[in-house]
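Summary of structural features
Residue strings, one per chain:
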Amino acid sequence: MRRRTLNILLTGTASDSHTWNLVYLQLLLEEEGHRVHNLGPCVPDRLLADTCADREPDLVVISSVNGHGYRDGLSAVRTLRRADHAFPVVIGGKLGVAGTADPVQRGRLFDAGCDAVFDDGDVAALREYLGSLTGIRVFA
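Parameters and conventions
- Residues numbered from 1 in each chain as written.
- Predicted model: local features only at pLDDT ≥ 70, side-chain atom pairs only at ≥ 80, totals over all residues.
- Heavy atoms only, no water.
- Helix = DSSP H or I, 4+ residues; strand = E, 2+ residues; numbered from the N terminus.
- Rg over C-alpha atoms; globule rule 2.2 N^0.38 Å.
- Buried < 20%, exposed > 50% of the residue type's maximum accessible area, 1.4 Å probe, protein only.
- Contact = heavy atoms within 4.5 Å.
- Lys, Arg positive; Asp, Glu negative; His and termini not counted.
- Charge placed at Lys NZ, Arg CZ, Asp CG, Glu CD.
- Patch = residues over 30% accessible without salt bridge, like charges linked within 9 Å, V, L, I, M, F, W, Y side chains within 5 Å.
- Areas by Shrake-Rupley, 256 points an atom, 1.4 Å probe, with all protein chains shown as cover.
- Salt bridge = Lys/Arg side-chain N within 4 Å of Asp/Glu carboxyl O.
- 1 Å grid on protein atoms, 1.4 Å probe; cavity = no way out; pocket = protein on both sides within 12 Å on 5 of 7 lines; lining within 4 Å.
- Points joined across faces, edges and corners; volume = space filled by probe spheres on them.
- Nonpolar A, V, L, I, M, F, W, Y, C, P; charged D, E, K, R; others polar.
- Expected span 1.5 Å × (residues − 1).

1. Regarding the overall build of the protein
Helix and strand content of the protein: five helices and five strands. The N-to-C order of helical and strand elements in the protein reads β-α-β-α-β-α-β-α-β-α. For a compact globule of 140 residues, the expected C-alpha radius of gyration is about 14 Å, and the protein comes in at 14 Å, within 12% of that figure. Along the longest, intermediate and shortest principal axes, the C-alpha atoms of the protein span 40 × 35 × 30 Å. Of all 140 residues assigned to the protein, the portion counted as buried reaches 47%. In the protein, the proportion of contacts linking residues at least 24 apart, taken out of those at least 6 apart, comes to 79%. Taking the 15 positively charged and 18 negatively charged side chains of the protein as two groups, their mean positions are separated by 2 Å.

2. Some points on a nonpolar patch on the surface
A cluster of nonpolar side chains, Trp20, Val23 and Leu27, forms an exposed patch at the surface whose accessible area comes to about 350 Å². By the element assignment, Val23 lies in helix H1 (residues 20-31). Owing to a relative accessible area of 34%, Val23 belongs among the partly exposed residues under this scheme.

3. Points about the layout of surface pockets
In this structure, the largest pocket spans a volume of roughly 280 Å³. Taken together, 20 residues line the largest pocket, and the ones lying closest to its centre are Leu25, Ser63, Gly92, Gly93 and Gly121. Its residues assigned to classes, the lining of the largest pocket comprises ten nonpolar, six polar and four charged.

4. A word on helix H5 (residues 123-134)
For H5, built from twelve residues, the straight-helix expectation of 16 Å at 1.5 Å per residue is met to within 8% by its first-to-last C-alpha distance of 16 Å. Along H5, the residues that are buried comprise Val123, Leu126, Tyr129, Leu130, Gly131 and Thr134. Lining the buried residues of H5 we find strand S1 (7-12), H1, strand S3 (59-64), strand S4 (89-93) and strand S5 (116-119). Following H5 by one or two positions, Gly135 has its phi on the positive side, about 85°.

5. Overview of the pattern of salt bridges
This structure, assessed with the given rule, holds six salt bridges. Across the pair Arg4 and Asp58 runs a salt bridge whose closest N-O atoms are separated by 3.6 Å. Of the two residues, Arg4 is situated in the segment before S1 and Asp58 in the loop between helix H2 (45-55) and S3; the sequence distance between them amounts to 54 residues. The class of Arg4 is partly exposed, set by a relative accessible area of 40%. Assessed through its relative accessible area of 23%, Asp58 is described here as partly exposed. Where Asp72 meets Arg71, a salt bridge forms, and the shortest distance between an N and an O atom there is 3.1 Å.

Okay, here's the thing in structure tokens:
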């Protein structure tokens, strides 16, 4: 069975200047056999939407380390959905300043159009999600 290769757009949030999380994710996604365009840190919502219009990715992966992922991610996904982008959008990392998952904030991300929200460091869940998009079953 041939694995489907995804064109993935990887991005940090508008206020997150961290880069190592993006480098790690890019390497992980490439090791899984996908093509990755890494926009880097501090990506404004409009730039993200414009790049998506140009590149037409199969998936957008948003990463946050600074604890403002709930807020910044909500803004980013709303911008993408207002621009009528229908591809899957996922977010993960340290999304809140408390460092623990917030079910209310997670629900807002889903309501805004996120297809998945991953807890900090949950690589197995990300791999499982990728498998659901490519038709490859992942065993933990």
